[in-house]
Amino acid sequence: MTDTPRVLSTQHPDNATLPFFTAGDVIEGEDEIQEGYYVASHLGCDEQMWDFEGKEGDEYAVKKLLSRYDDFFTDTRLGEDFRLTIRGPNPDLEVSEAKILLEILESIPRSFDAAKLFAEDRDIETVPPIFEVIIPMVTDADQLNAVHEYYRSFVAGKGAETVWGDRTVEDWVGEFRPTTVGVIPLIEQRDALLQADDIVGDYATAQGLNDVRVFLARSDPALNYGSLAADLINKVSLRRLYRMADDRDIDIHPMLGAGSAPFRGNLTPERAAAVTEAYPEVETFTVQSAFKYDYPIETVREGIETLKQAELGAAPPAFDEERALDIVDRTATAYADQVDAIASTVNRLSSAVPDRRARKLHIGLFGYSREVGENALPRAIGYTAALYSVGCPPTLLGCHALTDEDRAFVRDVFPAFFQNLRDAAQYYNPRCTDVLDLSQDALETAADMVDVDPEETHRAATDTAIDAFQQDDDDALRTAIRRGARQRQFLG
């Protein structure tokens, strides 16, 4: 494995502002080809997630990047200096999309062929442009082994099969490279996160791997269990992963999927140093669309450079895991009760949240069938944007369940929570309870844990959104949502 990338650019649609290279209202199709070049050449990212999960992806991305930006990729080698890493669906959980994963895996050798022609034309060594895939919503090692073995046996392995007479498939259409791919588990559910050590360890053992990348979600756990619970679950998961790695003599390379909203990780260009201090165990951080497009380019570059230069990948110190999980239990229950009361309103609000990237209808992980009754809610970005639009930062939800002793524990184990809460609470508007069936006392108990002045311009936007929602004025509501998002520099 080459040096582990530090900055994974993703296609999450959490941006308030559209990038300069987008002609329409959403980023789609050919825009994403230009985005792949832009984040490598102008922003300094060292990896791009090419997403087929929940959206259409371009299977010819490698060929297009190499042909359109040939001078750049002659010196910055795709697959070595800048990685393109595919995320596909998990067949066990996204049944209607299952065969898309097979199509994605089949495209990997074709991308290698494009890179080989490119390299021969420039008299340079061929580097596999894609050699890893991300599988979302992983819950056990069998899901990883199935992908690993399918590629080895049925994609690359078919080269040795006879097609006619004594002529092999490889004789007929050429070699299949790379001969194997690494599978990166994206782990999102609480139980799976707390068993990530077993999942990763069993996969590494089964495939004889010395090192494995593991991708811990930050956004969906917040959606399911609350913001503080998401951080504490991830801290426990990371500690267990490092223990396992030490026991089994495996190198692990943790990745964290954090967004710009405090609820989704609070990873902005201006907060990059603070997030690396909060998560020194992590090696790779995601920079999502708000990070890239809602700040001046120099600020973005500085934030990315901060992530790349930080001393990361350190084993976490010991802490009381059971105490942390007790806090998770109580705050997640309080959070679930609040979400249960506002679900229908959040769905109505989210219909006015603008789309920022072309996506398919996604019916995948949302744990509310178990955690919060039978509520079907938007995905994390739409949910977060809906609540912010009426002045209810979702980071506040569930926090009223914290005792003084809990707060002292959190200050010791994850002090960044209080900065996240401070960054969120400035956008709180007490009028949110005019449209959300929530206790104002509970919200203010959370907001009062930090000392912060309200952001008045944003509050005015949320006042307008509340009024518009009450008056069924959809146009005014959409305008207010956009105005508030631009003010806080993220959509959701």
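Computed from a predicted model, the values in this text were never measured in an experiment.

## Observations concerning the side chain of K292
Mapping K292 onto the fold places it in helix α12 (residues 289-293). Given a relative accessible area of 3%, K292 falls into the buried group. At 2.7 Å, the side chain of K292 and the backbone oxygen of T10 are in polar contact. Those residues within four positions of K292 in sequence are excluded, and the remaining contacts are S9, T10, E35, V39, L43, V287 and V300.

## So, the nonpolar core
Of all hydrophobic cores here, the largest spans 145 residues; its most connected members are F285, Y383, L397, F417 and L436. Discounting chain neighbours no more than four positions away, the residues touching F285 are R6, V7, L8, L256, L267, V275, T276, Y279, L307 and L312. Formed by eight residues, the second largest nonpolar core is a distinct cluster that contains L8, I134, A217 and M255.

## Some details on the pattern of salt bridges
Pairing is possible between side chains of opposite charge, provided their charged atoms come close. All chains considered together, the criterion is met by 36 salt bridges. Notably, a salt bridge pairs E32 with R357, separated by 3.0 Å at the nearest N-O pair. You can see E32 sitting in helix α1 (residues 30-43) and its partner R357 sitting in the loop between α14 (321-350) and α15 (368-371), a full 325 residues away along the chain. Taking the shortest distance from any N to any O, the salt bridge between E175 and K116 comes out at 3.2 Å. Of this pair, E175 sits in the loop between α6 (169-173) and β7 (182-187) while K116 sits in helix α4 (residues 98-122), and the two are 59 residues apart along the sequence. Among the residues examined, E175 registers a relative accessible area of 28% and is labelled partly exposed. Connected through salt bridges with shared partners, the residues E30, D58, K64 and R68 form a single ionic network.

## Here we look at the pairing of β7
Among the six residues of β7, five are classified as buried, and the element is accordingly described as predominantly covered. Bridge analysis of strand β4 (residues 132-135) against β7 gives four bridges, and the strand direction is parallel. If you follow I135 over to β7, its bridge partner there is P185. Here β7 runs beside strand β8 (residues 211-217); their pairing, made up of two bridges, is parallel. By the bridge assignment, I187 is partnered in β8 with L216.

Rules used throughout
- Residues numbered from 1 in each chain as written.
- Predicted model: local features only at pLDDT ≥ 70, side-chain atom pairs only at ≥ 80, totals over all residues.
- Heavy atoms only, no water.
- Helix = DSSP H or I, 4+ residues; strand = E, 2+ residues; numbered from the N terminus.
- Buried < 20%, exposed > 50% of the residue type's maximum accessible area, 1.4 Å probe, protein only.
- Polar contact = N/O pair within 3.5 Å; in protein donor to acceptor, adjacent residues only side chain to side chain.
- Contact = heavy atoms within 4.5 Å.
- Core = buried A, V, L, I, M, F, W, Y, C linked by side-chain atoms within 4.5 Å.
- Salt bridge = Lys/Arg side-chain N within 4 Å of Asp/Glu carboxyl O.
- Pairing = 2+ DSSP bridges.

Shape is all these values report; function is a separate question.
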